[in-house]
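# Examining the three-dimensional arrangement
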Amino acid sequence: MGTRIGYAVGAFDLFHVGHLNLLRHAKQQCDILIAGVVSDEMLREVKGIEPVIPTAERAEIVKHISFVDDVYVETTPSKMDSWRDVQFTHFFKGDDWRGTEKGLRLEREFAEVGVEVVYFPYTAHTSSSSLRRALDAITAGANVPAAAMSR
């Protein structure tokens, strides 16, 4: 059995414990872990969101997590493009993708090139979306004391 090269991709914007859990679990399943960081342009194009933290800073943060051996910045929406560049043997994703149209398509495409898709439990109590909503509320001044706004 050869070297297991894992690939775990995400925006990693507003880094939270769910991101850390994904990377921790992924590293337990492979010899080398490459974290894919989705570029600002791809976040805008694919998810329609404006990142809070720029790509270079997100990549720098993720690069310094002890579980991560290297970082790859994704600049196209195709995970097959990422595979051609990185040559990973295992693709890690949260189980919120399991059984979805996107997840099943990914499994089929990766099966053709011998990549195993491995799902990990999604950290339901926190997400970037919920953090974004909280930031929006803070920015709008909702339920924020005046003293906290002036800091």
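Residues numbered from 1 in each chain as written. Predicted model: local features only at pLDDT ≥ 70, side-chain atom pairs only at ≥ 80, totals over all residues. Heavy atoms only, no water.

You'll find the protein chain entered in an unreviewed UniProt entry as Adenylyltransferase/cytidyltransferase family protein, with Microbacterium luteolum given as the organism.

## Points about helix 5 (residues 101–111)
Along an α-helix, residues three or four positions apart point the same way, because every turn accommodates 3.6 residues. When helix 5 is considered as a whole, its buried residues turn out to be G103, L106 and F110. For helix 5, the arc enclosing every buried residue in end-on projection is 60°, short of the 170-degree limit, so these residues lie on one face. For helix 5, the exposed residues set more than 90 degrees away from the buried face come down to E101, R108 and A111. (Buried < 20%, exposed > 50% of the residue type's maximum accessible area, 1.4 Å probe, protein only. Helix = DSSP H or I, 4+ residues; strand = E, 2+ residues; numbered from the N terminus. Arc of directions from axis to C-beta.)

## Quick notes on the sheet that holds strand 3 (residues 70–74)
The strand order 3-2-1-4-5 describes an open sheet built from five strands, whose pairing is parallel. Where the open sheet ends on each side, the last strands, each with one partner, are strand 3 and strand 5 (116–120). Sheet twist, expressed as the average angle between the axes of neighbouring strands with direction ignored, equals 30°. Helix-sheet contacts for helix 4 (residues 79–86) involve strand 1 (5–10), strand 2 (32–38), strand 3 and strand 4 (90–94), and the interaxial angle to strand 3 is about 140°. Across the sheet, helix 5 touches strand 4 and strand 5, and the angle it forms with strand 5 is around 145°. (Pairing = 2+ DSSP bridges. Axes fitted to C-alpha atoms, helices over the stretch in contact; angles between N-to-C directions. Contact = heavy atoms within 4.5 Å.)

## Things to note about helix 4
Of the residues making up helix 4, those classed as buried are K79, M80, S82, W83 and V86. Summarising the axial view, the buried residues of helix 4 lie within an arc of 155°, below the 170-degree limit, and thus occupy one face. Elements in contact with the buried residues of helix 4: strand 1, strand 2, strand 3, strand 4 and helix 5. The opening residue of helix 4, the one whose side-chain oxygen lies 3.2 Å from the backbone nitrogen of M80, is S78. With its phi angle positive at about 65°, Q87 sits one or two positions after the end of helix 4. (Polar contact = N/O pair within 3.5 Å; in protein donor to acceptor, adjacent residues only side chain to side chain.)

## A closer look at the environment of A26
Relative to the helices and strands, A26 resides in helix 1 (residues 17–28). Not counting chain neighbours up to four residues away, the residues in contact with A26 comprise A8, L33, F92 and F120.

## Considering unusual backbone geometry
Phi is mostly negative for residues that are not glycine, and the peptide bonds are mostly trans. The phi torsion at L14 lies on the positive side, around 55°, for a residue other than glycine. Within the fold, L14 resides in the loop between strand 1 and helix 1. Residue classification places L14 among the buried positions, given a relative accessible area of 13%. Of note, the phi angle at Q87 is positive, near 65°, even though the residue is not glycine. You can see Q87 is positioned in the loop between helix 4 and strand 4.

## Overview of the packing of aromatic side chains
This model, assessed by the stated rule, comprises eight aromatic pairs. Judged by centre distance (4.6 Å) and plane angle (5°), the rings of Y7 and F88 are stacked. Taken together, the residues span a long stretch of sequence, with Y7 in strand 1 and F88 in the loop between helix 4 and strand 4 at a distance of 81 residues. Here Y7 matches F88 in class, with each residue buried. With centroids separated by 6.1 Å and ring planes inclined at 40°, the aromatic side chains of F88 and F91 adopt a geometry described as tilted. (Phe/Tyr/Trp six-rings, centres within 6.5 Å; stacked < 30°, edge-to-face > 60°.)

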